[in-house]
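What follows is each chain in one-letter form.
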Amino acid sequence: MPLTIALAGNPNVGKSTIFNALTGARQHTGNWPGKTVEKKEGLARIGEQDVLIVDLPGTYSLTAYSIEEIITRDFIVRDRPSAVVAVIDASNIERNLYLVAQIIELEIPLILALNMTDLAASRGIAIDVTRLSEQLGGIPVIETSGGRVEGVEALRTAIAGLAEGRHPSLHIPYSPEIERELAVLSEATAQRLPAEVAPQPRWLATKLLEDDPAVLDALSEADRRALLDAARAVRKRIEAETGEDTETLIADQRYQFIGMVTAQAVHRPSQVVVTLSDRIDQVVTHRLWGVPIFLLVMWIVFQFTANVSAPLLAWVDAFMNQTLYGWAGRLMGAVGLGGTWPEALLRDGVIAGVGGVLVFVPVLFFLFTALALLEDSGYMARAAFVMDRVMRWMGLQGKSFLPMIVGFGCTVPAVYATRTLSSPRERRLTAFLATFMSCGARLPVYVVFGAAFFGAQSGHLIFAMYVLGIVVALATGLVLKHTVYRGQPPAPFVMELPPYRMPRLQNVLRQTWEHTEGFLVKAGTVIFGVSAVLWLLMATPIRPGAGAFNDVPPHDSIFGAVSDAIAPVFAPAGFGTWQASGSLVTGFIAKEVIVGTISQIYAVEALDEPAAPDVTVPQEAGEAALGLLQALALTIQEAINIVPRTANLIPGLSAPELQFFAEATAQEDASRVQAALLGSFSESAGSPEAGRVAAVAFNVFVLLYVPCMAAVSTMRQEFGWRWMWAQVAYTLGLAWVAAVTVFQAGRLVFL
Amino acid sequence: MNITLGAQQQTLTSKTLDQLAAGQMATIRRVSGEGPLRRRMLEMGITRGTTIEMIRRSPFGDPIEYRLRGYHLSLRRSEARLIEIEL
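Rules used throughout
- Residues numbered from 1 in each chain as written.
- Chains lettered and ligands numbered in written order.
- Predicted model: local features only at pLDDT ≥ 70, side-chain atom pairs only at ≥ 80, totals over all residues.
- Heavy atoms only, no water.
- Helix = DSSP H or I, 4+ residues; strand = E, 2+ residues; numbered from the N terminus.
- Buried < 20%, exposed > 50% of the residue type's maximum accessible area, 1.4 Å probe, protein only.
- Contact = heavy atoms within 4.5 Å.
- Buried area = accessible area lost by both parts, 1.4 Å probe.
- Salt bridge = Lys/Arg side-chain N within 4 Å of Asp/Glu carboxyl O.
- Polar contact = N/O pair within 3.5 Å; in protein donor to acceptor, adjacent residues only side chain to side chain.
- Nonpolar A, V, L, I, M, F, W, Y, C, P; charged D, E, K, R; others polar.
- Pairing = 2+ DSSP bridges.
- Axes fitted to C-alpha atoms, helices over the stretch in contact; angles between N-to-C directions.
- Parallel < 35°, antiparallel > 145°, perpendicular 65-115°, else oblique.
- Left-handed = near helix turned anticlockwise from the far one by under 90°.
- Phe/Tyr/Trp six-rings, centres within 6.5 Å; stacked < 30°, edge-to-face > 60°.
- Core = buried A, V, L, I, M, F, W, Y, C linked by side-chain atoms within 4.5 Å.

Helices and strands together make up the secondary structure of chain B, namely three helices and six strands. Counting from the amino terminus, chain B carries its helices and strands in the arrangement α-β-β-α-β-β-β-α-β. Counting every position in chain B, which comprises 87 residues, the buried fraction comes to 55%. Sequence-distant contacts, at least 24 apart, represent 56% of the contacts inside chain B between residues at least 6 apart.

Our focus in this paragraph is the interface of chain B and chain A. Contacts between the two partners involve 32 residues from chain B and, on the opposite side, 47 residues from chain A. Together, the buried faces of chain B and chain A total about 3600 Å²; carbon and sulfur atoms form 54% of this surface. Inspection of the chain B/chain A interface yields ten salt bridges. For the salt bridge of B:Arg48 with A:Glu244, the shortest nitrogen-to-oxygen distance reads 2.7 Å. Where chain B touches chain A, the interface holds 21 residue pairs in polar contact (both at pLDDT 80 or more). At the level of elements, helix 2 (35–43), strand 3 (51–57), strand 4 (64–68) and strand 5 (71–75) of chain B are the ones that each hand at least two residues to the side of chain B that touches chain A. Looking at the side of chain B that touches chain A, the element that brings in the most residues is helix 2 of chain B, giving nine residues. Along the lines of polarity and charge, the residues of the side of chain B that touches chain A split into twelve nonpolar, seven polar and 13 charged. Pairing between strand 10 (residues 495–496) of chain A and strand 5 of chain B: two bridges, direction antiparallel.

Moving on to the packing of helix 10 (residues 246–265) of chain A against helix 2 of chain B. Between helix 10 of chain A and helix 2 of chain B, the shortest axis-to-axis distance is 10 Å and the interhelical angle comes to 15°. In terms of their interaxial angle, helix 10 of chain A and helix 2 of chain B are classed as roughly parallel. When you trace helix 10 of chain A past helix 2 of chain B, the crossing you get is right-handed. Listed contacts from helix 2 of chain B to A:Glu247, A:Thr248, A:Ala251 and A:Tyr255 of helix 10 of chain A are B:Arg38, B:Arg39, B:Leu42 and B:Glu43.

Let us now look at the pairing of strand 4 (residues 49–55) of chain A. All names here are of chain A. In terms of strand pairing, strand 1 (residues 4–9) meets strand 4 through four bridges, oriented parallel. In the strand pairing of strand 4, isoleucine 5 is matched with isoleucine 53. Direction of pairing for strand 3 (residues 38–46) relative to strand 4: antiparallel, over a ladder of seven bridges. Bridging across to strand 4, leucine 43 finds its partner in leucine 52. Where strand 3 hands over to strand 4, the hairpin turn is made up of two residues, of which glycine 47 adopts a positive phi near 60°.

Next up on the list: the packing of aromatic side chains. Residue and element names in this part refer to chain A. Within this structure, the stated rule accounts for 23 aromatic pairs over all chains. Judged by centre distance (5.3 Å) and plane angle (35°), the ring pair of phenylalanine 432 and tyrosine 730 falls under tilted. Of this pair, phenylalanine 432 sits in helix 19 (residues 424–434) while tyrosine 730 sits in helix 30 (residues 721–750), placing them 298 residues apart in sequence. With a relative accessible area of 14%, phenylalanine 432 lands in the buried category. Between phenylalanine 570 and phenylalanine 575, the ring centres sit 5.2 Å apart and the planes meet at 20°, which makes this aromatic pair stacked. One exposure class covers both phenylalanine 570 and phenylalanine 575, and it is buried.

Take unusual backbone geometry next. It is generally the case that most residues other than glycine have a negative phi and that most peptide bonds are trans. Of the consecutive residues B:Asp62 and B:Pro63, the connecting peptide bond is found in the cis state with omega at 0°. Take B:Pro63: it is sitting in the loop between strand 3 and strand 4. With a phi angle near 60°, A:Asn12 is a residue other than glycine that sits in the positive phi range. Considering the arrangement of structural elements, one finds A:Asn12 in the loop between strand 1 and helix 1 (15–23). A relative accessible area of 29% places A:Asn12 in the partly exposed class. Not every positive phi belongs to a glycine, and A:Glu107 is a case in point at roughly 50°. Locating A:Glu107 in the fold gives a position in the loop between helix 3 (93–105) and strand 6 (110–115).

Now for the nonpolar core. Ranked by internal contacts, the top residues of the largest apolar core, which has 97 residues, are A:Phe449 and A:Phe575. Among the elements that line this core, the one with the most residues is helix 28 (residues 688–704) of chain A, at eleven residues. The residues touching A:Phe575, leaving out its near neighbours within four places in the chain, are A:Phe570, A:Ala580, A:Leu584, A:Phe681, A:Ser684, A:Ala694, A:Ala697, A:Phe698, A:Phe701 and A:Ala739. By size, the runner-up hydrophobic cluster in this structure holds 87 residues, among which are A:Val37, A:Leu56, A:Leu132 and B:Ile46.

Attention now goes to the sheet that holds strand 4 of chain B. Strand order in the open sheet made by the seven strands is 10(A)-5(B)-4(B)-3(B)-2(B)-6(B)-1(B), with antiparallel pairing throughout. Looking at strand neighbours, the two that pair on one side only are strand 10 of chain A together with strand 1 (15–16) of chain B, the edges of this open sheet.

Okay, the side chain of A:Thr4 next. With respect to the helices, strands and loops of the structure, A:Thr4 is situated in strand 1. Sequence-distant contacts of A:Thr4, defined by excluding residues within four places in its chain, comprise A:Leu52, A:Val54, A:Phe75, A:Pro81, A:Ser82 and A:Ala83.

Oppositely charged side chains can pair when the atoms bearing their charge come close. Scanning all chains against the criterion turns up 42 salt bridges over all chains. The shortest N-O distance in the salt bridge between A:Asp212 and A:Lys207 comes to 3.7 Å. Residue A:Asp212 shares its accessibility class with A:Lys207, and that shared class is buried. The salt bridge involving B:Arg29 is made with B:Glu84; its shortest N-O contact spans 3.8 Å. With B:Arg29 in strand 2 (residues 25–31) and B:Glu84 in strand 6 (residues 83–86), this residue pair connects regions lying 55 residues apart in the sequence. By relative accessible area, B:Arg29 is classed as partly exposed at 31%. Classification of B:Glu84 as buried rests on a relative accessible area of 11%. Bridged by salt links that share partners, the residues A:Arg73, A:Glu105, A:Lys207, A:Glu210, A:Asp212 and A:Arg254 form one connected network.

This is the structure in structure tokens:
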């Protein structure tokens, strides 16, 4: 069995830098079994052998209140790694040593990686490494500041030296009355547990004194109860004797121990040094500037996910759905399968499905980069600090704001953006509400309907839809806060404001890649599957004689039959036609598909496929490559344009925006589709005026119903099936009620 | 009855952390409250005898930023109210 080393430490101490320095490229990211917390493992070459390094989640402590803490504790207690490397921030040594003290109590070989010593030095803090090691029972203490080579090499040597496995010969000393009771409880614990189950009776006894009964989960009910009763009696006795509860006493005394250690080993300046970080905060969290700066940062993140990603998204879309689509046709034609169902499966099923997954890659790349920059720099905590008061009003907290903003671009990255929240309840609620923000894919629907039914006033419809999404999110948050979550105390907001740091490019890119890969693997498979199934439904005739497989009018396919069956449900909302319900079904793939389906179904004649026999494959490949270069150029253009676009937010200013290429003037003849839409909605609603109300109801439904399968499968990946179905049910129900209300009330008011 | 009254009076007269003005320092006397919140505050080093300085309020007045043990911590006002201090 290879050696296993666990990396533990507080959040924001540079643990991942050390992990990367130790393992290089040989690492793997997954999830902890049954948890949504990321698990990182890697192999490090140490001496002559490969050592498995497990990066534990960043935690402040080892109690059982957060998933991260339980994972960390269970891993150390149950998996018994050969040693733990505790990474600590030298500039903030006292609070970091609290976790170390708890690891010492687990009686496991321990190495201290003293990180960020340069930051400590800049604040005038000097640490005597030898003394620190002495005070902590002789454990190795290695300076690893900034992931520098010498530090990492020294750490490797120390890990190699721990192969024989010594744990620090040290007990955290407690006051006489606690020591006395600890002895009693450890005795009782040891009696009930065989040594291989409870190798550390003193640690178990400490946990019992701290009223942390989760450590007894492995015991039989009778033994458990006996120990819990004993612990309760002991806690009462201590409380009667000292007038303090044991939890406070133990935390106090751990910090007293830390105080003794640092008094010997740490020299602090008598005056607090005002750091650059402090000066930045004077502006960034300023009473007046704090909010504008926050809004500016959010705006820039939104620009990146919505506009800067757009050219690459368009390129991926065109490459998959035109170039590759065409090539697949040529290929199948060349082998004599042109126009057959295998061709359609490959093109409309496989290529369209893969394309539907890949279009998200540019968006997610920019989002994950932005998130990593915000987190690593330390700004995320400030954003939460500034916005907490406002977000709490709707049952959320400060960090919930960013996912909401990202939701205006795309719901998928918005759901991922909730990863920065630590409380599972607030995370789910944030993701849930973020789906009501009008994402970029809903906009084309508003535009088409606005143009068809409101002509020059189409902007009113678009604006109303955006506002309605925000109102529904607010209302849902408020209602949940006062019903489902009523009486539940808000999750603690005790939050560290870490010093600002320059993000490391390597860490940022690595995180971005890992998260994007996670999406491709997990959400991607679901999206792909749903696309294929939908293709199958559209290709299969509902009855013999209605057409051949893959050559059937939409209305005569299984898809058409399903749409027909659903249609009456929407009659009270004024759009109970199979065309409308069919486009809503396809809208589940992605909401912008609604527009495509509408033009396909409503357009009187089928569009001929553009035949271009004189273009060769190499020419197309050349065009695609050129298109990619152009898209990259446009990406840079859009990134630069953030500056004038931001300046233009100030009324009266109009800074010019860069434009590398002349705007392609795509003038599609939409009038036929518009006329068909008008006719169909007027007919189903009863009159042209009612048709207009029905069109608004339809848009309300599009805004509120199940975001799209990409968002839904992301919800499943992040929160599990139960929450996914809860969301699907709620959004469908709410959308229907809202659409019916709009149509019925609209008819009463306007007709 | 008298004991309860006495205890109430004591909590009424003692100062809590949310009453500090920016730049003001205090010493922590006791952390009341219960459950995960109190434990988290203890773990973060809010223990008896610790010196704590109020840095600033958030632009909307809540939460509040403090400095203790050489690092910066943000607490909601409702959380700071659970911490008894002496000046």
